[in-house]
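What follows is each chain in one-letter form.
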Amino acid sequence: MSACVDTEALSGGFDTPPVAAAHAFRAAMSALARPGRIETISGGRAPAPVSVAAATLLLTLCDAETPLHLAGAHDNRAMRDWVAFHLGAPLVAPGDAMFALGTWEALGGLDRYAQGTPDYPDRSATLIVELSDLVASGSRLRGPGIRDAAALNLPDPVALQRNAAQFPLGLDFYFTCDSRIAALPRSTRIG
Amino acid sequence: MSEYNFAYLDEQTKRMIRRAILKGLAIPGYQVPFASREMPMPYGWGTGGVQVSAATLTPDDTFKVIDQGADDTTNAVSIRKFFEKTAGVATTERTAEATVIQTRHRIPEQELTEDQILVYQVPIPEPLRFLEPSEVETRKMHALEEYGLMHVKLYEDIARHGEIATAYAYPVKVEGRYVMDPSPIPKFDNPKLEMAAIQLFGAGREQRIYALPPYTKVVSLDFEDYPFERTRAPQDCGLCGANDSYLDEVIMDDAGRRMFVCSDTDFCRARREDGHQGAMAAAAEALT
């Protein structure tokens, strides 16, 4: 076992953490409070294939208190080192994760993640889904945060509809692509 | 500035609060537990709102604080100064210029926009608390959507007073699911809870955060034959003459003279600057 950590793991953090995290959180909050709206978020970098938006979101929300699941190609040696150095988040299986990161295919079935309980619906996972494209067209979204209707290219509208049908239980999603981010909370009605 | 981390709280605490805010926005009206910190002010002075504001502010923000609508009361002044010192943010008393507004028990008269965030200080976040003291029970009641008790309370109001006498902290139902305490705002403000701005609620002592995303459906509880009624003192503001704002009653002297003035000081000032004059404007001028 090598004692030496790849130096790539040591870079990519925020330059000025309090200010960068504050700006990133506001973008993330704005995205979640207005489902479908695409915001720009940057300041963090993580090893490939993690996008700038996903890296920034992890630096903003995750730490030693948030078990994290890395799925598929996002679960690589360099990324594990990066998580250990910057976040200190325990890497866990889907069922134990508060946050999960990967492509839609790699993240797998949504029922593998914590859905919250009737007493504590907040104890559910947030999935960060890396998309190759993020555009404000496709599935029609309605619900809290949306005045009339919004639109977003959702990876699997049927599965996400099932998730929304569980409200107030269910998962919340961030979709990331380069430095762009959009969100889909469980409260959003699809179609 | 160098003495404090930006916005006072440490980064790990802010992350914890930010995660709670996001879950709150994802489940509108549900009270998310959070590990509320000791703040350099007593409980009851807005520690919940202050923590939510600290986690929300960026250096680019312009911050406004109101206490019962007023920018110039002790609570509002000290919280504004707190963030001037620890976050170095610009502050204002003008509603339109603010990007983040922390409020104790009022919603500003001026309609808020998509670019603004309203942070409420909440004393008792649980709307069922005075009906059911057990947290275990109220949590179950929310889980089962068992809100009959709240309607019994409103019914008893009618039986006793002939109308729903609840005048502030008037319970609402959010998106047809959670019954929520809008904090002790007058029920005059309830219709404004459906707005373009993000609304965040922080209860420091009770360790709860909840939220309303923009345009969330918020319905004040009522009965078909006793519909929700918005009430205000049937007067015009003595200073600016407004007949559509929420009014405070001010006792003028030992002889019991009184006047009604806008509780929203910025709204009242702006109207007076525009040339509006109330019936007692001259008399009030003479007093000062």
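Nothing here was measured: the structure is a model prediction, and the numbers come from that model.

> I would appreciate a short explanation of the overall build of chain A in the present structure.
Looking only at helices and strands, chain A has five helices and nine strands in total. Here the C-alpha atoms of chain A give a radius of gyration of 16 Å, agreeing with the 16 Å that 2.2 N^0.38 yields for 191 residues. Within chain A, buried positions represent 56% of all 191 residues. Within chain A, contacts between residues at least 6 apart in sequence are counted, and of these 66% link residues at least 24 apart.

> Mind showing me how you'd approach the overall build of chain B here?
Looking only at helices and strands, chain B has seven helices and twelve strands in total. Its C-alpha atoms give chain B a radius of gyration of 20 Å, within 12% of the compact-globule value 19 Å for 288 residues. Taking the principal axes of the C-alpha coordinates as reference, chain B spans close to 60 × 55 × 35 Å. Buried positions account for 56% of the 288 residues belonging to chain B. Taking all contacts inside chain B whose residues are at least 6 apart in sequence as the whole, residues at least 24 apart take part in 62%. As displayed, chain B offers around 12,400 Å² of accessible surface, 49% of which is attributable to carbon and sulfur atoms. Counting 32 positive and 45 negative side-chain charges, chain B places the averaged centre of each group 4 Å from the other.

> Is there a simple way to explain the packing of helix α1 (residues 17-33) of chain A against helix α1 (residues 11-26) of chain B in this structure?
For any two helices packed against each other, one specifies the inter-axial angle together with the distance between the axes. With their axes 10 Å apart at the nearest point, α1 of chain A and α1 of chain B run at an angle of 5° to one another. In terms of axis orientation, α1 of chain A runs roughly parallel to α1 of chain B. On α1 of chain B, the residues touching Pro17, Pro18, Ala21, Ala22, Phe25, Ala28, Met29, Leu32 and Ala33 of chain A of α1 of chain A are Glu11, Lys14, Arg18, Ile21, Leu22, Leu25 and Ala26 of chain B. Broken down by class, the residue content of the contact of α1 of chain A with α1 of chain B amounts to 13 nonpolar, no polar and three charged.

> Would you mind going over the sheet that holds strand β10 (residues 218-220) of chain B with me for this structure?
Working definition: the strands of a sheet are paired by backbone hydrogen bonds and lie parallel or antiparallel to each other. Residues and elements named next belong to chain B. With antiparallel pairing, the three strands of this open sheet are ordered in space as β7-β6-β10. The sheet is open, and its two borders are formed by β7 (178-180) and β10, each paired with just one other strand. Going from strand to strand, the sheet's axes swing by 30° on average, the running direction of each strand aside. As defined by bridge partners, strand β6 (residues 172-174) adjoins β10 across three bridges and the pair is classed as antiparallel.

> Is there a simple way to explain the interface of chain B and chain A in this structure?
Many analyses report the size of an interface as the accessible area lost when the parts associate. With 42 residues of chain B in contact, the opposing surface of chain A contributes 43 residues. Here Asp63 of chain A ties to Arg15 of chain B by a salt bridge, and the two come within 2.8 Å at their closest N and O atoms. Breaking the side of chain B that touches chain A down by element, the ones donating at least two residues are α1, β1 (32-33), α2 (47-56), α4 (135-143) and β8 (198-203) of chain B. Top contributing element to the side of chain B that touches chain A by residue count: α1 of chain B, with twelve residues. Here the side of chain B that touches chain A is built from residues that sort into 24 nonpolar, five polar and 13 charged.

> Please explain the nonpolar core as it appears in this structure.
A general feature of soluble globular proteins is that nonpolar side chains tend to end up buried together. Residues Ile21 and Phe83 of chain B are the most contacted members of the largest nonpolar core, which totals 84 residues. Excluding residues that lie within four positions of it along the chain, Phe83 of chain B makes contacts with Val50, Ser53, Ala54, Leu57, Phe63, Gly88, Val89 and Gln102 of chain B. Core analysis: the next-biggest nonpolar cluster, separate from the first, contains 25 residues, Ala71, Ala125, Leu141 and Ile190 of chain A among them.

> Sorry, what's going on with the packing of α1 of chain B against α2 of chain B here?
Residue and element names in this part refer to chain B. The N-to-C vectors of α1 and α2 enclose an angle of 100°; their axes lie 9 Å apart at closest approach. With respect to their mutual orientation, α1 and α2 come out roughly perpendicular. Contacts between α1 and α2 involve Lys14, Ile17, Arg18 and Ile21 from the former and Gln51, Val52, Ala54, Ala55 and Thr56 from the latter. Looking at the contact of α1 with α2 residue by residue, the classes come out as five nonpolar, two polar and two charged.

> Can you walk me through the environment of Thr86 of chain B in this structure?
Summarising the element assignment, Thr86 of chain B is placed in helix α3 (residues 74-86). A sequence separation of 77 residues divides Thr86 of chain B from Leu9 of chain B, and the C-alpha atoms of the two residues are 9.1 Å apart.

> Explain the pattern of salt bridges here, please?
Pairing between side chains becomes possible if they bear opposite charge and their charged atoms approach one another. Enumeration according to the criterion identifies 29 salt bridges over all chains in this entry. Between Arg189 of chain A and Glu175 of chain B there is a salt bridge, with its nearest N and O atoms 3.5 Å apart. With Arg189 of chain A in strand β9 (residues 189-190) and Glu175 of chain B in the loop between β6 and β7, this residue pair bridges two chains. Asp266 of chain B serves as the salt-bridge partner of Arg269 of chain B, at 2.5 Å between the closest nitrogen and oxygen. Of this pair, Arg269 of chain B and Asp266 of chain B both sit in helix α6 (residues 265-273), separated by three residues, roughly a single helical turn. Salt bridges linked by common partners bring Arg34, Arg37 and Glu39 of chain A together with Glu114 of chain B together as one network.

> Is there a simple way to think about unusual backbone geometry in this case?
For residues that are not glycine, phi is negative in most cases, and the peptide bond is trans in most cases. Going from Ala48 of chain A to Pro49 of chain A, the amide bond is cis rather than trans, its omega being 5°. Positionally, Pro49 of chain A belongs in the loop between β1 (39-40) and α2 (52-61). In the segment running from Phe167 of chain A into Pro168 of chain A, the intervening peptide bond is cis, with an omega of 10°. Note on placement: Pro168 of chain A falls in the loop between α5 (157-165) and β7 (172-177). Despite not being glycine, Asp178 of chain A shows a phi value in the positive range, around 50°. For Asp178 of chain A, the location among the structural elements is in the loop between β7 and β8 (180-184). By relative accessible area, which is 52% here, Asp178 of chain A ends up exposed. Despite not being glycine, Ala169 of chain B shows a phi value in the positive range, around 50°. Inspection of the secondary structure assignment puts Ala169 of chain B in the loop between α5 (148-161) and β6. Overall, Ala169 of chain B belongs to the partly exposed group, its relative accessible area being 21%.

Criteria and cut-off values
- Residues numbered from 1 in each chain as written.
- Chains lettered and ligands numbered in written order.
- Predicted model: local features only at pLDDT ≥ 70, side-chain atom pairs only at ≥ 80, totals over all residues.
- Heavy atoms only, no water.
- Helix = DSSP H or I, 4+ residues; strand = E, 2+ residues; numbered from the N terminus.
- Rg over C-alpha atoms; globule rule 2.2 N^0.38 Å.
- Buried < 20%, exposed > 50% of the residue type's maximum accessible area, 1.4 Å probe, protein only.
- Contact = heavy atoms within 4.5 Å.
- Areas by Shrake-Rupley, 256 points an atom, 1.4 Å probe, with all protein chains shown as cover.
- Lys, Arg positive; Asp, Glu negative; His and termini not counted.
- Charge placed at Lys NZ, Arg CZ, Asp CG, Glu CD.
- Axes fitted to C-alpha atoms, helices over the stretch in contact; angles between N-to-C directions.
- Parallel < 35°, antiparallel > 145°, perpendicular 65-115°, else oblique.
- Nonpolar A, V, L, I, M, F, W, Y, C, P; charged D, E, K, R; others polar.
- Pairing = 2+ DSSP bridges.
- Salt bridge = Lys/Arg side-chain N within 4 Å of Asp/Glu carboxyl O.
- Core = buried A, V, L, I, M, F, W, Y, C linked by side-chain atoms within 4.5 Å.

Function cannot be read off these values alone, since they describe shape.
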